[in-house]
Amino acid sequence: LGKAILANLEEKELSGFLKSLRLKRLTPKTITSKEELMKELVATRNRGYSINNEEYLLGLVCIGAPLINFNTKAVAGAVSLDFPASEFPLGIIERNYTGILTKLASELSAMGYAAAAVLTAYYSYFGPYDEALDEVVAHGPDAIVLVGFDETRLLIEHLADRGFKPAPRPTA
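Residues numbered from 1 in each chain as written. Predicted model: local features only at pLDDT ≥ 70, side-chain atom pairs only at ≥ 80, totals over all residues. Heavy atoms only, no water.

### Observations regarding the environment of L14
Formally: Here a helix means four or more residues in a row that DSSP labels H or I, a strand means two or more in a row labelled E, and each is numbered from the N terminus. Two residues qualify as a contact provided that any one of their heavy atoms is within 4.5 Å of a heavy atom in the partner residue.
Secondary-structure assignment places L14 in helix α2 (residues 11-20). Separated by 24 residues in the primary sequence, L14 and M38 place their C-alpha atoms 10.0 Å from one another. Setting aside chain neighbours within four positions, we find L14 in contact with L6, L9, M38 and L41.

Dropping the structure here:
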């Protein structure tokens, strides 16, 4: 999500953020230089979505798209889809899911959402399911989009148990 947001910041805001940024290696694939990060942010902005190819956690590939405030044209947040690298090569993710992701981001932006979380059925591969839900709710998204769950009603009950209440749908 971070690169999707950073790539869409105004130049002055991005510059100020980068001055205080310390890049820390989390995996062998983590971006650790500001020059490399800037190249990736340009590529992200040009293609309309970000890629995190095991940079944060080995075995996890994420794509993200910005949520844009249509009134101010400023980035308001981001939405992402996460995949286990062992089952979804990056090429397949880009070919099959980036269109879905960017359309979702555009629709959420048009509805006025500032932050959204997308939970995929694959999310639970990376840790205990309850911890994953706790982490999502802790970030306070306005909306949670559920993709690929057989037990959607049960998941909604689990989210409600954790205090998640969706924000009222924004009005124009």
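That was the structure; now back to the text.
### Let's talk about the sheet that holds strand β3 (residues 75-84)
Note the threshold: Pairs of strands are assigned from DSSP output, requiring at least two bridges between the strands. Angles run from 0 to 180 degrees between N-to-C directions of axes, and those axes are lines fitted to C-alpha atoms, restricted for helices to the stretch in contact.
Read across the open sheet, the three strands follow the order β1-β2-β3; overall the sheet is antiparallel. The open sheet has two edge strands with one neighbour each: β1 (50-53) and β3. In this sheet, adjacent strand axes meet at a mean angle of 20° when their direction is disregarded. Where strand β2 (residues 60-68) and β3 come together, nine bridges link them in antiparallel fashion.

### A look at the pattern of salt bridges
Note the following rule: Salt bridge, as used here: a side-chain nitrogen of Lys or Arg that lies within 4 Å of a carboxyl oxygen of Asp or Glu. Remark: exposure states derive from per-residue accessible area (1.4 Å probe, protein chains only) relative to the maximum for the residue type, with buried under 20%, exposed over 50%, and partly exposed in between.
Summed over all chains, the structure comprises five salt bridges. Salt-bridge contacts for E40 lead to K3; the nearest nitrogen and oxygen are separated by 4.0 Å. In this pair, E40 is assigned in helix α3 (residues 34-47) and K3 in helix α1 (residues 2-6), connecting sequence segments 37 residues apart. K3 shares its class with E40; the two are buried. Here E107 makes a salt bridge to K103, at a shortest N to O gap of 3.8 Å. Separated by four residues within a single helix, E107 and K103 lie in helix α4 (residues 90-111), roughly one turn from each other. Assessed through its relative accessible area of 40%, E107 is described here as partly exposed. On the accessibility criterion, K103 (54% relative accessible area) is exposed. Taken together, the salt bridges that share partners define one network made up of K3, E40, R47 and E55.

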